[in-house]
Amino acid sequence: MTINPGQWKLGTYWDDKEPHSLEQIREAGYSCIELNLDNYKSPADTVTPENFARYDSAVQTAKGLGLEVWSVHLPFGCQWDISDLDDTVRESAIKGNIQIMDWVKGWGARVLVIHPSFEPIQNEERAGRLVKAAETIRLLSGEAAKRGLHLAVEDLPRTCLGNNAEEIAALIKDAPEAVVCCDSNHLLTETPESFIRAIGSRIMTLHISDYDGVDERHWIPGRGIVKWVEVVRALVEIGYAGPFMYEADYENPQDVVASFRAILNAYREAGQGVQ
């Protein structure tokens, strides 16, 4: 399949605490969103009828505007750590994630983005946590598939699990139904384009933003060190057909639209085809 980046849908993360309304997002020219749920709370405090009503209202508003809810970001925090060596904590996170899957199934989203750990991860615990996270990803990706969903494991920065292509590959090795979310500003030991080529076609969704290579920054592309033409080239090579989903900090939604156009223009000017 020949990939034309000019046909990628433009998306952005969004939650109901954002200063930008869904109406503003749609008017700016976005096609889809990733709905972010509440983080850092316990599963019991997150998976409630009240929160379902909040999220469901946002989903229905988005759909009414013609915005696709492409993905939902599962909650993260110490009480949602799927690598936790404490079985009680991990089992609570598993139960909460499965309950959210039942919500998402009715929303028509395709992808669930999950963090493979919280942080910090101590060196002496890393191997054991990788095993626990891989086991949980295998279980949860199977549960997602039963509901017609794809569980996308996100690369993370610093001491988190999945902070490079090698660890992401290990985490999904025995979970054939799992896919990957490539976050371009989380990779502190390799470039996004090298990560994309290493993971290949299992990348199903993106978190697009720029950084300084020292830590995550979530800048709009163009401010940091990411070579965006190379990123687009790598995505085309692997046959990426999902949305260009931004997870960047911005004041004006039009700034992201301008960023996307600038990236496509730079790719075209580099001698690549964009229609």
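That block above? That's the structure.
Here's what I pulled together on the structure shown here. Bear in mind the structure is a predicted one, so any value in this text is a computation, not a measurement. (Residues numbered from 1 in each chain as written. Predicted model: local features only at pLDDT ≥ 70, side-chain atom pairs only at ≥ 80, totals over all residues. Heavy atoms only, no water.)

1. Observations concerning helix H8 (residues 228-237)
Defined as follows: Throughout this description, buried means an accessible area under 20% of the type-specific maximum (1.4 Å probe, protein chains only), exposed means over 50%, and partly exposed covers the range between. Put simply, DSSP marks the helices as runs of H or I at least four residues long and the strands as runs of E at least two long, and each gets a number from the N terminus on.
By the criterion of burial, H8 is predominantly enclosed, with 7 of the 10 residues buried. Within H8 the residues assigned to the buried category are Trp-228, Val-229, Val-231, Val-232, Arg-233, Ala-234 and Leu-235.

2. Here's the deal with the packing of helix H4 (residues 87-105) against helix H5 (residues 123-146)
To keep things clear, this is the line we draw: Interaxial angle, 0 to 180 degrees, is taken between N-to-C directions of lines fitted to C-alpha atoms, where a helix line uses only the stretch in contact. Should an angle lie under 35 degrees it is considered roughly parallel, over 145 roughly antiparallel, and from 65 to 115 roughly perpendicular; all remaining angles are considered oblique. It is the rotation of the near helix from the far one that decides the hand of a crossing: anticlockwise by less than a right angle makes it left-handed, clockwise makes it right-handed. Contacts are assigned to residue pairs that have any heavy atoms within 4.5 Å of one another.
Close contact between H4 and H5 brings their axes to 10 Å; oriented N to C, the two are set at 20 degrees. Classified by the angle their axes make, H4 and H5 are roughly parallel. Two packed elements cross with a definite hand, and for H4 against H5 that hand is right-handed. Along its contact with H4, which presents Asp-87, Arg-90, Ile-94, Asn-97, Ile-98 and Met-101, the element H5 presents Lys-132, Thr-136, Leu-139, Leu-140, Glu-143 and Ala-144.

3. Digging into empty space enclosed by the protein
The following threshold applies: Only protein atoms enter the 1 Å grid used here, on which a cavity is any set of points holding a 1.4 Å probe that cannot leave and a pocket is any open set flanked by protein within 12 Å on both sides along at least five of seven lines; residues with an atom within 4 Å of a point are listed as lining. Grid points are joined across faces, edges and corners, and a volume is the space filled by probe spheres set on the points. Following the grouping adopted for this structure description, the nonpolar residues are Ala, Val, Leu, Ile, Met, Phe, Trp, Tyr, Cys and Pro, the charged ones are Asp, Glu, Lys and Arg, and the polar ones are all others, Gly among them.
Counted by the stated rule, this structure contains 2 cavities of 30 Å³ or more. Counted as a void, the largest cavity has a volume near 50 Å³. When grouped by side-chain class, the residues that make up the lining of the largest cavity number 5 nonpolar, 3 polar and 1 charged. The space that makes up the second largest cavity amounts to roughly 40 Å³. Along its surface, the second largest cavity is lined by Asp-15, Asp-16, Leu-35, Asn-36, Arg-54, Tyr-55 and Ala-58. When residues of the lining of the second largest cavity are traced back to their parent elements, those giving at least two are strand E2 (32-36) and helix H3 (49-65). Sorting elements by how many residues they give to the lining of the second largest cavity places H3 first, with 3 residues. A class-by-class count of the residues in the lining of the second largest cavity yields 3 nonpolar, 1 polar and 3 charged.

4. Focus: the packing of aromatic side chains
Definition in use: Stacked, tilted and edge-to-face are the three classes assigned to paired rings of Phe, Tyr and Trp, where Trp is represented by its six-membered ring and a pair needs centres within 6.5 Å; plane angles under 30 degrees give stacked, over 60 edge-to-face, the rest tilted.
Following the criterion strictly, the structure yields 10 aromatic pairs and no others. Between Trp-8 and Phe-244, the aromatic rings sit 5.6 Å apart at their centres with planes inclined by 5 degrees, giving stacked as the arrangement. Residue Trp-8 is found in the segment before strand E1 (10-14), and its partner Phe-244 is found in strand E8 (residues 244-246); the two are separated by 236 residues along the sequence. For Trp-8, a relative accessible area of 6% corresponds to the buried category.

5. Here's the deal with the sheet that holds E1
Threshold: If DSSP finds at least two bridges between two strands, the strands pair.
Strand order in this open sheet of 8 strands is E7-E6-E5-E4-E3-E2-E1-E8, and the pairing throughout is parallel. The strands lining the two open edges of the sheet, one partner per strand, are strand E7 (203-207) and E8. The sheet shows a mean angle of 30 degrees between the axes of neighbouring strands, taken without regard to direction. Strand direction decides the pairing type here: strand E6 (residues 179-183) and E7, joined by 4 bridges, are parallel. Each residue of the ladder has a partner; that of Cys-182, found in E7, is Leu-206. Across the sheet, helix H9 (residues 253-269) touches E1 and E8, and the angle it forms with E8 is around 140 degrees.

6. Here's the deal with the side chain of Ser-71
Where we set the bar: Within 3.5 Å is the distance limit for a polar contact, defined as a pair of N or O atoms, with the added protein rule that one can donate a hydrogen and the other accept it, and that residues adjacent in sequence qualify only through two side-chain atoms.
Along the chain, Ser-71 turns up in strand E3 (residues 68-73). Within the local environment of Ser-71, its side chain forms a polar contact with the side chain of Glu-34, the two groups lying 2.8 Å apart. Those residues in contact with Ser-71 that lie beyond four places of it in its chain are Ile-33, Glu-34, Leu-35, Ala-109, Val-111 and Met-245.

7. Overview of the nonpolar core
Applicable threshold: Only buried residues count toward a nonpolar core. Its members are Ala, Val, Leu, Ile, Met, Phe, Trp, Tyr and Cys residues joined through side-chain atoms within 4.5 Å.
Counting residues in hydrophobic clusters, the biggest one holds 79 residues, and the most contacted among them are Leu-35, Ile-203 and Phe-244. Ranked by the residues each element gives to this core, the list is headed by H4, at 7 residues. Ignoring any residue separated from it by four or fewer positions in sequence, one finds Leu-35 in contact with Trp-14, Tyr-55, Ala-58, Val-59, Val-69, Ser-71, Val-72, His-73 and Trp-107. Grouped together as the second largest cluster of nonpolar side chains are 8 residues, Trp-70, Val-111, Val-113 and Cys-181 included.

8. Quick word on the layout of surface pockets
Roughly 520 Å³ of internal volume is contained in the largest pocket. The wall of the largest pocket is formed by 28 residues, among which Asn-39, Tyr-40, Phe-76, His-115 and Glu-247 lie closest to the centre. Residue classes in the lining of the largest pocket are distributed as 10 nonpolar, 7 polar and 11 charged. There is about 200 Å³ of room inside the second largest pocket. Considered class by class, the residues forming the lining of the second largest pocket number 8 nonpolar, 4 polar and 3 charged.

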